[in-house]
Amino acid sequence: MADGKKQLFGTNGVRGVVGESMTPALVLKIGMALGTMRPGRVCLGRDTRTSGLALINAAKAGLMAAGCDVVDCGVLPTPALQYLVRDAFDAGVMITASHNPPEYNGVKVIEPDGTEMGDAETIRLEEHLFADRFSLVAWDRVGQQTEDLRLGERYVDAVVRSFPAGTGSGMTVAVDPGCGAAASTTPAILSRMGCRVFTINGQMDGRFPGRLPEPSEEGLRGLSELVRGTGAAFGVAHDGDADRSVFVDEQGAFIGENQEFALVADEICRNRQGIVVTPVSTSNLIREIARRHGCSVEYTPVGSIYVARKMRDLLSAGKPVVFGGEGNGGLIYPEHQFCRDGGMTAAMMVAILAGSGRPLSTLIAGLPRYTMINRKVHTDDKQGLIDALALKFAGKNIDLRDGIRIDQGTTWGLVRPSGTEPFVRITVESDREQAARQFHEELMEVISPFLTRPV
Ligand code: MG
């Protein structure tokens, strides 16, 4: 780790194909390393993947060998585990590969404050792991195991309590947990808010027979049909560990994640003045909605952990942070907890529709329209490409906190290098379609000489 970079862990934990890079042997070492760093009580959970039980037992073995007492909560969403860990445990371990296909699994490490482990501590954990440097305890201090499969209900209670009783009375909703962890929580949350709930893919099944864990527009056709067939006010779907939510409207039409973000921001910023925190990759739609209500936006690098930590830091400095999130359906409610929370976002949609009395499609149609272009291009010289853009746009409104973002009035572009692979991601957005296309071409003139494959 001479270069001070994470090698094993990515932005949201470590992931890999089961039986190849993701094995009980690796998770055992993660358990021993974490137990060495965070001695005490550790809470564990998993999503519904077929490999979850093998891997959670490996994590528990490592932690107990390092002297930690472990509490196994069984299957539950990542935000539920984060809620339980916060202020009640010395660490948490979530066995999940989030939205990845069924052959993957992974580990997210949770800090005592309920946030995912940050870069500096993750690098320390990797150092323990690569050097086989573990503090294992003697026979009479090995940790104990408790199983408490009902702990997740505390999370359901907390979300339900965030809204007035009966907020969803008379509303029909459709839920697609995708056979993932939300099967145990989101239908219960919405029922207890007073909604009439229909589910599709509501059984837990780590083979994900109904659709892939990524809640793509394509995968949600069944949910759209359920919405139309039941007359539901909306349909909500989650990724495998339910930290993200995506929606279809009352006609079954897929709602873009930036529009979902904007709708919730509109609701929150209307009632409270303050700051919304989001990565540089998020649509200007969020900034526009925040401004309308006298709120401002603060940017971070791409990654929910950076958003969550910036929210905490600003609040510690006495700044009024009201909301945060990413443009992928991962939204963070600081009064509830500092992590993306899919169940909370589903509940929030009930409150928004109950409060407005208008159909979801109408609310979405009322949002400002933006054109966004997203693409990925291959290059062997990511830094040279970024440097060339920085030179070309020197003196303009440039943000270098993650790749390069260039703002020109209501048009902007972001070029971000992949952390591990030879490509960059390009995002261009404008409130005018023609301006978006023009700026994309302008960027490509600088980028093209660096490409390893023809465009
Ligand atoms: Mg996820």
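In the block above lies the structure referred to throughout.
About the thresholds
- The residue numbering used here restarts from 1 in each chain and proceeds along that chain's sequence as written.
- Owing to the predicted nature of the model, reporting of local features is limited to residues with pLDDT of at least 70; listing and counting of side-chain atom pairs is limited to 80 or more, with chain, interface and lining totals taken over all residues.
- Side-chain descriptors were evaluated using all non-hydrogen atoms of the structure, hydrogens and water having been removed beforehand.
- Here the coordinating atoms are restricted to nitrogen, oxygen and sulfur within 2.8 Å of the metal centre, or 3.2 Å for Na, K and Ca, and because water is not among them the sites may look incomplete.
- Numbering goes from the N terminus for both helices and strands, where a helix is a DSSP run of H or I of at least four residues and a strand is a run of E of at least two.
- Note on exposure labels: buried denotes an accessible area under 20% of the residue type's maximum, exposed denotes more than 50%, and partly exposed covers the range between, all computed with a 1.4 Å probe on protein chains only.
- Pairing of aromatic rings covers Phe, Tyr and the six-membered ring of Trp, with a centre-to-centre limit of 6.5 Å; geometry is then stacked below 30 degrees between planes, edge-to-face above 60, and tilted otherwise.
- In this scheme, Lys NZ or Arg CZ marks a charge over a ring once it lies within 6 Å of the ring centre and within 35 degrees of the ring normal.
- In this scheme, strands are said to pair when DSSP sees at least two bridges between them.
- For helices, the axis comes from a line fit to the C-alpha atoms of the stretch in contact; other axes are also lines fit to C-alpha atoms, and the angle between any two N-to-C directions lies between 0 and 180 degrees.

S.K.: Would you mind showing me how to read the coordination of the magnesium ion here?
M.R.: When four donors bind a metal tetrahedrally, each ideal donor-metal-donor angle is 109.5 degrees, and when six bind octahedrally, the ideal angles are 90 or 180 degrees. Looking at the magnesium ion, the protein donor atoms are Ser98 (OG), Asp239 (OD), Asp241 (OD) and Asp243 (OD), and they sit 2.0 to 2.2 Å from it. Summarised as a motif, the one-chain spacing of the donors to the magnesium ion is S-x140-D-x1-D-x1-D. With a gap of 143 residues between them, Ser98 in the loop between β4 (91–95) and β5 (104–110) and Asp241 in the loop between β9 (234–238) and β10 (245–248) connect regions that are remote in the sequence. Across the pair, Asp241 and Ser98 agree in class, each one buried.

S.K.: Looking at this model, I keep getting lost on the packing of aromatic side chains. Mind explaining?
M.R.: One pair of aromatic rings is described through two measures. These are the centre distance and the angle between the planes. Taken as a whole and judged by the stated rule, the model has five aromatic pairs. Geometrically, the ring pair formed by Phe261 and Phe323 is edge-to-face, given 5.5 Å between the ring centres and 85° between the ring planes. Highlighted residues: Phe261 in helix α8 (residues 257–271) and Phe323 in strand β13 (residues 321–325), separated in sequence by 62 residues. Residue Phe261 is classed as buried on the basis of its relative accessible area, which comes to 0%. Taking the relative accessible area as the measure of exposure, Phe323 reaches 0% and is therefore buried. Among the aromatic residues, ring-to-ring pairing joins Phe261, Phe323 and Tyr333 into one connected group. When the ring centre of Phe393 is taken as origin, the NZ or CZ atom of Lys392, which lies over that ring, is 5.8 Å away.

S.K.: Quick question: what am I supposed to make of the sheet that holds strand β17 (residues 404–408) here?
M.R.: By definition, the strands of a sheet pair up through backbone hydrogen bonds, in either a parallel or an antiparallel sense. Taken together, five strands build an open sheet; the order of strands is β15-β19-β18-β17-β16 and the sheet is antiparallel. Two strands lie at the open edges of the sheet, namely β15 (371–378) and β16 (397–399), each paired on one side alone. If you compare each strand with its neighbour and ignore which way they point, the axes differ by 15° on average. As paired strands, strand β18 (residues 411–417) and strand β19 (residues 423–430) are joined by six bridges and run antiparallel to one another. Looking at β19, one finds that Pro417 is bridged to Val424.

Purely geometric stuff here, so don't read any function into it on its own.
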